[in-house]
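Residue-level structure breakdown
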Amino acid sequence: MPALNVEFSEEEMTRLRERAALTGRSLKQHVHDVTVEEADRISFVEGAVAEASRILPGITARFPEGQR
């Protein structure tokens, strides 16, 4: 399975360990989950922006300036 070595400062590692403990996950699982969730969030936002850009011209055309 592919892996990635990432370096963190001592302060960052402390914060990551604390968050992992709060969620009941290992540090490795926490960092994995947060990374994947952030990538998924960015992908979702990019898709939402693309969809809004696609439909906004039609919405703007249907409603006069004072009704938007």
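Residues numbered from 1 in each chain as written. Predicted model: local features only at pLDDT ≥ 70, side-chain atom pairs only at ≥ 80, totals over all residues. Heavy atoms only, no water.

This part covers the packing of helix 1 (residues 10-23) against helix 2 (residues 27-62). Two numbers describe how helix 1 lies on helix 2: the axes approach to 9 Å, and their chain directions differ by 95°. Accordingly, the angle class assigned to the pair helix 1 and helix 2 is roughly perpendicular. Residues M13, L16, R17, R19, A20 and T23 of helix 1 lie in contact with helix 2, whose contacting residues are L27, H30 and V31. Classifying every residue of the contact of helix 1 with helix 2 gives 5 nonpolar, 2 polar and 2 charged. (Axes fitted to C-alpha atoms, helices over the stretch in contact; angles between N-to-C directions. Helix = DSSP H or I, 4+ residues; strand = E, 2+ residues; numbered from the N terminus. Parallel < 35°, antiparallel > 145°, perpendicular 65-115°, else oblique. Contact = heavy atoms within 4.5 Å. Nonpolar A, V, L, I, M, F, W, Y, C, P; charged D, E, K, R; others polar.)

This part takes up helix 2. Here helix 2 is 36 residues long and its end C-alpha atoms lie 52 Å apart, about the 52 Å a rise of 1.5 Å per residue gives. At I55, helix 2 shows its strongest bend, of approximately 35°, with the proline P57 following within four residues. (Expected span 1.5 Å × (residues − 1). Bend = angle between axes of the 7 residues up to and from the residue.)

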